[in-house]
Amino acid sequence: MRQRRVLFLCNANSARSLMGEALLRHLAGDRFEAFSAGSEPDRPHELTLAALEKQGIPTEGLASKSLADFAGEHFDSVIVLCDKAQQACRDWHGSSDEYLYWDIRDPRLIERWDAYEQAVAEIRHRLMLWLEIKGRDDFER
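Residues numbered from 1 in each chain as written. Predicted model: local features only at pLDDT ≥ 70, side-chain atom pairs only at ≥ 80, totals over all residues. Heavy atoms only, no water.

Here we come to the overall build of the protein. Broken down by element type, the protein carries 4 helices and 6 strands. Mapped from its N terminus to its C terminus, the protein presents α and β elements in the order β-α-β-α-β-β-α-β-β-α. For the protein, the residues scored as buried account for 47% of the 141 residues in total. A separation threshold of at least 6 residues defines the contact pool for the protein, and within that pool the share at least 24 residues apart is 70%. In the structure as shown, the protein presents an accessible area of about 7,500 Å², 49% of it carried by carbon and sulfur atoms. (Helix = DSSP H or I, 4+ residues; strand = E, 2+ residues; numbered from the N terminus. Buried < 20%, exposed > 50% of the residue type's maximum accessible area, 1.4 Å probe, protein only. Contact = heavy atoms within 4.5 Å. Areas by Shrake-Rupley, 256 points an atom, 1.4 Å probe, with all protein chains shown as cover.)

Attention shifts here to the environment of His26. For His26, the position within the fold is in helix α1 (residues 16-28). We classify His26 as partly exposed; its relative accessible area is 39%.

The subject of this paragraph is the sheet that holds strand β4 (residues 77-80). Pairing within the open sheet is parallel, and its 4 strands lie in the order β2-β1-β4-β6. Looking at strand neighbours, the two that pair on one side only are β2 (32-38) and β6 (99-101), the edges of this open sheet. The sheet shows a mean angle of 20° between the axes of neighbouring strands, taken without regard to direction. Across the sheet, α1 lies against β1 (4-10) and β2, angled at about 175° from β2, the strand it touches most. (Pairing = 2+ DSSP bridges. Axes fitted to C-alpha atoms, helices over the stretch in contact; angles between N-to-C directions.)

Tracing the backbone shows Ile123 in helix α4 (residues 114-140). A sequence separation of 42 residues divides Ile123 from Leu81, and the C-alpha atoms of the two residues are 9.2 Å apart. Excluding residues that lie within four positions of it along the chain, Ile123 makes contacts with Arg16, Met19, Gly20, Leu23, Leu81 and Ile104.

Quick look at the pattern of salt bridges now. Tallied over the entire structure, the rule returns 10 salt bridges. The salt bridge involving Arg2 is made with Asp76; its shortest N-O contact spans 2.5 Å. With Arg2 in the segment before β1 and Asp76 in the loop between β3 (74-75) and β4, this residue pair connects regions lying 74 residues apart in the sequence. Residue class for Asp76 comes out buried when judged on its relative accessible area of 10%. Note that Glu98 is salt-bridged to Lys134, the shortest N-O span being 3.3 Å. Here the residue Glu98 occupies a position in the loop between β5 (95-96) and β6, and Lys134 occupies one in helix α4, the gap between them amounting to 36 residues. Take Lys134: its relative accessible area is 11%, and that puts it in the buried class. Overlapping salt bridges bring together Arg16, Asp106 and Arg108 as one network. (Salt bridge = Lys/Arg side-chain N within 4 Å of Asp/Glu carboxyl O.)

Glancing now at the nonpolar core. Most often, soluble globular proteins keep nonpolar side chains buried together rather than apart. Within the largest apolar cluster, 28 residues are counted, with the highest numbers of intra-cluster contacts made by Met19, Leu24, Leu52, Leu81, Leu127 and Trp130. Secondary structure elements with two or more residues in this core: β1, α1, β2, α2 (46-54) and α4. Per-element tally for this core: the top contributor is α4, with 7 residues. If we skip the residues at most four places from it in the chain, Met19 touches Thr48, Leu52, Pro107, Tyr116, Ala119, Val120 and Ile123. (Core = buried A, V, L, I, M, F, W, Y, C linked by side-chain atoms within 4.5 Å.)

The structure is reproduced here in structure tokens:
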């Protein structure tokens with residue numbers, strides 16, 4: 001069975017979408033290829049990397065990328081984690097079988113360290129539910 005391709009999107013690709021990419025690789029890397037991008041990419045935020053590493057989630061290889069880097073590519077699922085990225089998806093020249101919108105608060109806008117840990121926990125929770133559904137889909141095919 002081929003790996004499903006999943007693209008996580010947010011504005012800067014410095015926090016939430018990188019968390020999604022790292023978490024999916026950690027939780028189900030053998031079943032999925034995880035990628036992330038931003039509509040206005042910045043660089044990985046140091047607190048993003050620290051929050052992931054604190055939970056034992058590998059961060060090597062994580063880098064901010066532009067949504068334009070994935071033009072013309074197809075993904076099984078695109079998971080959008082902010083309003084700005086949702087707007088940018090309208091202009092993106094790629095395709096997906098499934099678009100999901102998860103409203104995750106941007107930890108960069110909250111001036112507290114634990115905001116990053118909360119974002120990781122929320123994305124992990126949603127991914128676990130989503131992976132459970134995907135597992136059922138595989139079983140029913």
